[in-house]
Amino acid sequence: MKNNNNKNEPTFHSDLSRTRTIYVVTTASLPWMTGTAVNPLLRAAYFQKLGHDVTLVIPWLSMAEDREKLYGNSTIIQTPQD
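Described in the following lines is the structure provided in the data block.

Looking only at helices and strands, the chain features two helices and two strands. Across the chain, helices and strands are ordered from the amino to the carboxyl terminus as β-α-β-α. Here the chain, with 82 residues, has 17% of them falling under the buried criterion. Taking contacts inside the chain between residues at least 6 apart in sequence as the whole, the part at least 24 apart equals 45%.

For T55, the position within the fold is in strand β2 (residues 53-57). When the C-alpha positions of T55 and T21 are compared, they lie 8.0 Å apart, and in sequence the two are 34 residues distant. Setting aside residues no more than four positions away along its own chain, T55 makes contact with I22, Y23 and V24.

Bringing the packing of aromatic side chains into the picture now. Each aromatic ring pair is characterised by the separation of its centres together with the angle its planes make. Going through the model one piece at a time under the given rule, you end up with one aromatic pair. Each ring, one from Y46 and one from F47, has its centre 5.8 Å from the other, and the planes form 55 degrees; the classification is tilted. For F47, a relative accessible area of 11% gives the class buried.

Turning our attention to the pairing of strand β1 (residues 21-25). Of the two faces of β1, the one lined by I22 and V24 is fully buried and the one lined by T21, Y23 and V25 carries no buried residue. Bridge count between β1 and β2: five bridges; the pairing is parallel. Within β2, the position partnered with Y23 by the bridge is T55.

Turning our eyes to something else, we now look at helix α1 (residues 35-49). Between its first and last C-alpha, α1 extends 20 Å over 15 residues, near the 21 Å set by a 1.5 Å rise per residue. Looking at α1, one finds that the buried residues are A37, P40, A44 and F47. What you see down the axis of α1 is that its buried residues fit within an arc of 115 degrees, all on one side. Along α1, the residues that are exposed and aim more than 90 degrees away from the buried face are L42 and K49. Looking at the buried side of α1, the elements it contacts are β1 and β2. Directly after α1, the chain includes G51, whose backbone phi takes a positive value near 105 degrees.

Procedures and definitions
- Residues numbered from 1 in each chain as written.
- Predicted model: local features only at pLDDT ≥ 70, side-chain atom pairs only at ≥ 80, totals over all residues.
- Heavy atoms only, no water.
- Helix = DSSP H or I, 4+ residues; strand = E, 2+ residues; numbered from the N terminus.
- Buried < 20%, exposed > 50% of the residue type's maximum accessible area, 1.4 Å probe, protein only.
- Contact = heavy atoms within 4.5 Å.
- Phe/Tyr/Trp six-rings, centres within 6.5 Å; stacked < 30°, edge-to-face > 60°.
- Pairing = 2+ DSSP bridges.
- Expected span 1.5 Å × (residues − 1).
- Arc of directions from axis to C-beta.

Have a look at this one:
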(Lines give C-alpha, C1' and ligand atoms only; values in the text may rest on other atoms or scores of the structure.)
Protein backbone atom coordinates (compact mmCIF):
# COMPACT_ATOMS: atom_id res chain seq x y z
CA MET A 1 0.00 0.00 0.00
CA LYS A 2 1.44 3.33 -0.99
CA ASN A 3 1.39 6.36 1.25
CA ASN A 4 -0.53 9.01 -0.65
CA ASN A 5 0.54 12.56 0.19
CA ASN A 6 -0.98 14.13 -2.94
CA LYS A 7 -4.47 15.36 -2.01
CA ASN A 8 -5.58 15.16 -5.69
CA GLU A 9 -4.90 11.43 -5.95
CA PRO A 10 -7.28 8.73 -4.66
CA THR A 11 -6.29 6.75 -1.61
CA PHE A 12 -5.45 3.08 -2.03
CA HIS A 13 -8.86 2.03 -0.68
CA SER A 14 -10.87 4.41 -2.88
CA ASP A 15 -8.89 3.78 -6.07
CA LEU A 16 -11.33 2.17 -8.53
CA SER A 17 -8.71 1.86 -11.28
CA ARG A 18 -7.65 -1.51 -9.85
CA THR A 19 -9.87 -4.57 -10.17
CA ARG A 20 -11.76 -5.35 -7.01
CA THR A 21 -14.90 -7.05 -5.74
CA ILE A 22 -17.76 -4.62 -5.17
CA TYR A 23 -21.03 -5.28 -3.34
CA VAL A 24 -23.90 -2.91 -4.09
CA VAL A 25 -26.48 -3.25 -1.30
CA THR A 26 -29.94 -1.73 -1.59
CA THR A 27 -33.20 -1.78 0.34
CA ALA A 28 -35.29 -1.41 -2.82
CA SER A 29 -35.25 -3.11 -6.19
CA LEU A 30 -37.16 -3.51 -9.40
CA PRO A 31 -40.04 -3.78 -10.22
CA TRP A 32 -40.24 -0.49 -8.32
CA MET A 33 -39.38 2.23 -10.81
CA THR A 34 -37.99 4.72 -8.32
CA GLY A 35 -34.53 6.21 -8.08
CA THR A 36 -33.93 4.17 -4.95
CA ALA A 37 -34.59 0.98 -6.93
CA VAL A 38 -33.00 1.88 -10.27
CA ASN A 39 -29.79 3.65 -9.14
CA PRO A 40 -28.19 0.60 -7.45
CA LEU A 41 -28.85 -1.48 -10.57
CA LEU A 42 -27.23 1.15 -12.78
CA ARG A 43 -24.31 1.52 -10.35
CA ALA A 44 -23.72 -2.25 -10.37
CA ALA A 45 -23.86 -2.33 -14.17
CA TYR A 46 -21.38 0.56 -14.40
CA PHE A 47 -18.85 -1.11 -12.09
CA GLN A 48 -19.25 -4.40 -13.95
CA LYS A 49 -18.60 -2.61 -17.26
CA LEU A 50 -15.36 -1.24 -15.76
CA GLY A 51 -14.26 -4.85 -15.17
CA HIS A 52 -14.94 -5.23 -11.46
CA ASP A 53 -16.57 -8.31 -9.92
CA VAL A 54 -19.97 -7.02 -8.77
CA THR A 55 -22.71 -8.49 -6.60
CA LEU A 56 -26.04 -6.66 -6.39
CA VAL A 57 -27.69 -7.46 -3.05
CA ILE A 58 -31.44 -6.86 -3.11
CA PRO A 59 -34.19 -7.43 -0.52
CA TRP A 60 -35.91 -10.80 -0.35
CA LEU A 61 -39.24 -11.38 1.37
CA SER A 62 -39.47 -15.01 2.47
CA MET A 63 -43.26 -15.14 2.77
CA ALA A 64 -45.20 -15.39 -0.51
CA GLU A 65 -48.06 -13.24 0.81
CA ASP A 66 -45.58 -10.46 1.68
CA ARG A 67 -44.14 -10.57 -1.85
CA GLU A 68 -47.63 -10.43 -3.37
CA LYS A 69 -48.59 -7.53 -1.09
CA LEU A 70 -45.46 -5.59 -2.03
CA TYR A 71 -45.00 -6.47 -5.72
CA GLY A 72 -48.60 -7.31 -6.69
CA ASN A 73 -49.90 -10.58 -8.05
CA SER A 74 -48.71 -9.93 -11.60
CA THR A 75 -45.07 -10.41 -10.58
CA ILE A 76 -44.23 -14.03 -9.88
CA ILE A 77 -41.09 -14.38 -7.79
CA GLN A 78 -40.89 -17.81 -6.17
CA THR A 79 -37.24 -18.06 -5.12
CA PRO A 80 -34.34 -15.66 -4.48
CA GLN A 81 -32.77 -16.94 -7.73
CA ASP A 82 -35.74 -15.68 -9.78
